[in-house]
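Chain and residue survey
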Amino acid sequence: MKLGINIDHIATIRNARGYSDSVSLIRAAKICKKNKVDILTVHLREDRRHIKDNDLIVLKKISKIPINLEMALTQEMIGIVRKIKPSYICLVPENRKEITTEGGVNIKKLSKKLFKSLYDVCLKYNISLSAFVDPNKKQILMAKKYGFDTVEIHTGSLEDKKVSKKEIQKITNSIQFAYNLNLIVNAGHGLNFNNIKYLKNKKLINTIHIGHFVIFESIFTSLDKVIAKLKRITR
Ligand code: PXP
């Protein structure tokens, strides 16, 4: 399995202080590179609540890792794709009030006109096009019909305190189903050190995408070191 790391939450922390430079994201991209991360993911949201346009421009310029742009299907985002030309796109639903992406995209509800426009841009620039879908065969089949080359199966239910066998089975079946349709199969949302084990048919998965856990866990992996250094400096 390849590993995609979503660095949006670094921007969230940066933004909390009203900073706007991309230095922290560049640092994160370099750490990802050092650790042989395969894909660097950012979600440029309509409300720009974490990653900003300039971050994407800078990351595209300096990142030695291919970029996966998560985005809603809008005219504005298609324009940005034309300009940035990321290696991968993952279409996600977007709702201003949500804390994070809450569910998969409903492919049937996508604007056909906008989809055709994005599809043509992807063909022209050889960009892989993925749909973030719930573990639902109808949506996976629809993604295949529309011409997506990839689906990312929503694994959010694996984050529940008590992971149900039914949910594990749903995800396992969806991965197999998408794989059998010759789609590239990715998985993501809510994944962490512990629940990756529930991805039973890992061999069929091309890439897992992880964001929040990586940043949250990193705080506790480093908090000790940072405080100890401060204590040394202030002694
Ligand atoms: N995959 C997709 C399509 C997402 O929208 C997100 C959240 O931005 C992730 C993966 C990562 O989810 P998490 O932050 O829970 O690891």
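As shown above, the structure is provided for reference.
Figured I'd write up the structure that's included with this text. (Residues numbered from 1 in each chain as written. Predicted model: local features only at pLDDT ≥ 70, side-chain atom pairs only at ≥ 80, totals over all residues. Heavy atoms only, no water.)

**Considerations on the sheet that holds strand E4 (residues 88-91)**
How we decide: Here, strands pair whenever DSSP counts at least two bridges between them. Secondary structure elements are defined from DSSP: runs of H or I of at least 4 residues count as helices, runs of E of at least 2 residues count as strands, and each element is numbered from the N terminus. The axes are straight lines fitted to the C-alpha atoms, using for helices just the contacting stretch, and the angles between their N-to-C directions are given from 0 to 180°.
Pairing in this closed barrel of eight strands is parallel, and the strands run E1-E2-E3-E4-E5-E6-E7-E8 around the ring. On average, each strand axis in the sheet is inclined to that of its neighbour by 25°, with strand direction left out of account. Direction of pairing for strand E1 (residues 2-6) relative to strand E8 (residues 207-210): parallel, over a ladder of four bridges. In the sheet register, leucine 3 faces E8, and the bridge partner there is isoleucine 208.

**Describing the environment of isoleucine 215**
Note the threshold: Buried means the residue's accessible area, taken with a 1.4 Å probe over protein chains only, is under 20% of the maximum for its type, while exposed means over 50%, and partly exposed covers the values in between.
Mapping isoleucine 215 onto the fold places it in helix H8 (residues 212-233). With a relative accessible area of 13%, isoleucine 215 lands in the buried category. Along the primary structure isoleucine 215 and valine 81 are separated by 134 residues, whereas in three dimensions their C-alpha atoms are 26 Å apart.

**Let's talk about the pairing of E8**
Going residue by residue along E8, you find Thr207 and His209 tucked away on one face and Ile208 and Ile210 tucked away on the opposite face as well. Pairing of strand E7 (residues 184-188) with E8, which is carried by three bridges, proceeds in the parallel orientation. Bridged to alanine 187 within E8 is isoleucine 208.

**Quick word on the layout of surface pockets**
To find leftover empty space, one rolls a probe the size of a water molecule over the atoms. We apply this condition: Using a grid of 1 Å spacing that covers the protein atoms alone, one calls a set of points a cavity when a 1.4 Å probe fits there but cannot get out, and a pocket when the set is open and has protein on both sides within 12 Å along at least five of seven lines; lining residues are those with an atom within 4 Å of a point. Grid points are joined across faces, edges and corners, and a volume is the space filled by probe spheres set on the points. Polar here means any residue other than Ala, Val, Leu, Ile, Met, Phe, Trp, Tyr, Cys and Pro, which are nonpolar, and Asp, Glu, Lys and Arg, which are charged; Gly is therefore polar.
By volume, the largest pocket amounts to about 990 Å³. Taken together, 24 residues make up the lining of the largest pocket; nearest its centre are Ile10, Ile31, Ile215, Ser218 and Ser222. Sorting the residues of the lining of the largest pocket by element identifies E1, helix H1 (8-16), helix H2 (23-34) and H8 as the ones contributing at least two each. Looking at the lining of the largest pocket residue by residue, the class counts come to 15 nonpolar, five polar and four charged. Considered as a void within the structure, the second largest pocket measures approximately 730 Å³ in volume. Around the second largest pocket sit 35 residues that line it, and His9, Thr100, His189, Gly190 and His212 are the ones nearest its centre. Going through the elements one at a time, H1, E8 and H8 are the ones with two or more residues in the lining of the second largest pocket. Here the element with the most residues in the lining of the second largest pocket is H8; it accounts for five residues. Residues that form the lining of the second largest pocket fall into these classes: eleven nonpolar, 16 polar and eight charged.

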